[in-house]
Amino acid sequence: MTPPGKRLTPEERELEEKFSELEELHAALGQRELDLATLERDLHAFERRYVQVIGLRYLELDELEVMIAEKIAKRRPRPASTNPPVREAFVHQRARASAEECAGFESGDGAGDHAESSARPEAGSQLRKLYLEVAKQLHPDLTVDPEQRARREQLMSDANVAYRNGDEHALNSILENWESDPEAVPGTGVASELVRTIRKVAQVRLRLDAIEEEVAALSKSDLWQLRDRLRSQRRNGSLMEELERCIDRQIDQTKKRLAELTIEEFMK
């Protein structure tokens, strides 16, 4: 805060304006982070509820239908190339997959895991140039501050991994992030503090933009669409009661059909 009556230089006035802007952006960022966390929590709670109420019922229905199909196949064998009917509703498939996971089923034995290649790419001239530039700007010996030294050591460790892997993109990212980092600005005084504050403002704006992109992506997700569709169709009672009753009726009908086939099989 500037003392009353003090004449400010243009740089000092600009710095105060940036401080005010940064304070407002931090307040907005805190609210948007809370909004995003709340949205993710609500969607996760909805997904768990959907799996518990609907997904497990579809799993039971599928098991009954498989048993019926097996009994019919014994009576009327079909060519091996003929595939059984498949439900086209993506939501149902998702519910069943989630239900199996929730019930503790395992999807595989890990045979699909890919082994990492032991061969490392040969370092090209551009890769070496990037690494040297990173080392020039980030070397831990360039600071005496313990916190900054530890941070530089971590970044150099990341750069070493990227160099060994021939990852030019990762080296570029390390360098670009550092060049826009407020703490990378050396010196004290108004000029240095102004540059640091400008970079902090830019960082907060980038995070706000990223949050909006995350919210937009969530709003286009299948889970969001399913939740909105159920809400729009809601009449009385809880969100999923009507769908729950509908599936229960299907289960009852399928059980009756299975019982009929079992009796017919026994009577033969």
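(A) Spotlight on the pattern of salt bridges. Applying the stated rule across the entire model yields 14 salt bridges. Salt-bridge contacts for glutamate 21 lead to arginine 205; the nearest nitrogen and oxygen are separated by 2.5 Å. A residue pair is termed long-range when its members are at least 10 positions apart, and glutamate 21 in helix α1 (residues 10-75) and arginine 205 in helix α6 (residues 190-219) qualify at 184 residues. Looking at arginine 205, the relative accessible area reads 41%, which means it is partly exposed. Residues joined in a network through salt bridges with shared partners are Lys18, Glu21 and Arg205.

(B) The arrangement of the packing of aromatic side chains in detail. Enumeration over the complete set of coordinates arrives at two aromatic pairs. Centre to centre, the rings of tyrosine 131 and tyrosine 163 are 4.8 Å apart; their planes meet at 35°, and the pair counts as tilted. Taken together, the positions of tyrosine 131 in helix α3 (residues 125-138) and tyrosine 163 in helix α4 (residues 146-164) put the pair 32 residues apart, joining distant regions of the chain.

(C) Structural detail: the nonpolar core. One finds Phe46, Tyr50, Ile54 and Val204 to be the most contacted residues of the largest nonpolar core, which totals 27 residues. Elements with a contribution of two residues or more to this core: α1, α6, α7 (222-232) and α8 (241-267). In this structure, Leu130, Val134, Leu171 and Leu175 belong to the second largest nonpolar core, which totals 14 residues.

(D) Focus on the packing of α1 against α6. Contact pair α1 / α6: the axes reach a minimum separation of 9 Å and the direction vectors enclose 25°. Here α1 lies roughly parallel to α6, going by the angle between them. When you trace α1 past α6, the crossing you get is left-handed. Looking at side-chain class alone, the contact of α1 with α6 contains 18 nonpolar, two polar and 14 charged residues.

Conventions we followed
Residues numbered from 1 in each chain as written. Predicted model: local features only at pLDDT ≥ 70, side-chain atom pairs only at ≥ 80, totals over all residues. Heavy atoms only, no water. Salt bridge = Lys/Arg side-chain N within 4 Å of Asp/Glu carboxyl O. Helix = DSSP H or I, 4+ residues; strand = E, 2+ residues; numbered from the N terminus. Buried < 20%, exposed > 50% of the residue type's maximum accessible area, 1.4 Å probe, protein only. Phe/Tyr/Trp six-rings, centres within 6.5 Å; stacked < 30°, edge-to-face > 60°. Core = buried A, V, L, I, M, F, W, Y, C linked by side-chain atoms within 4.5 Å. Axes fitted to C-alpha atoms, helices over the stretch in contact; angles between N-to-C directions. Parallel < 35°, antiparallel > 145°, perpendicular 65-115°, else oblique. Left-handed = near helix turned anticlockwise from the far one by under 90°. Nonpolar A, V, L, I, M, F, W, Y, C, P; charged D, E, K, R; others polar.

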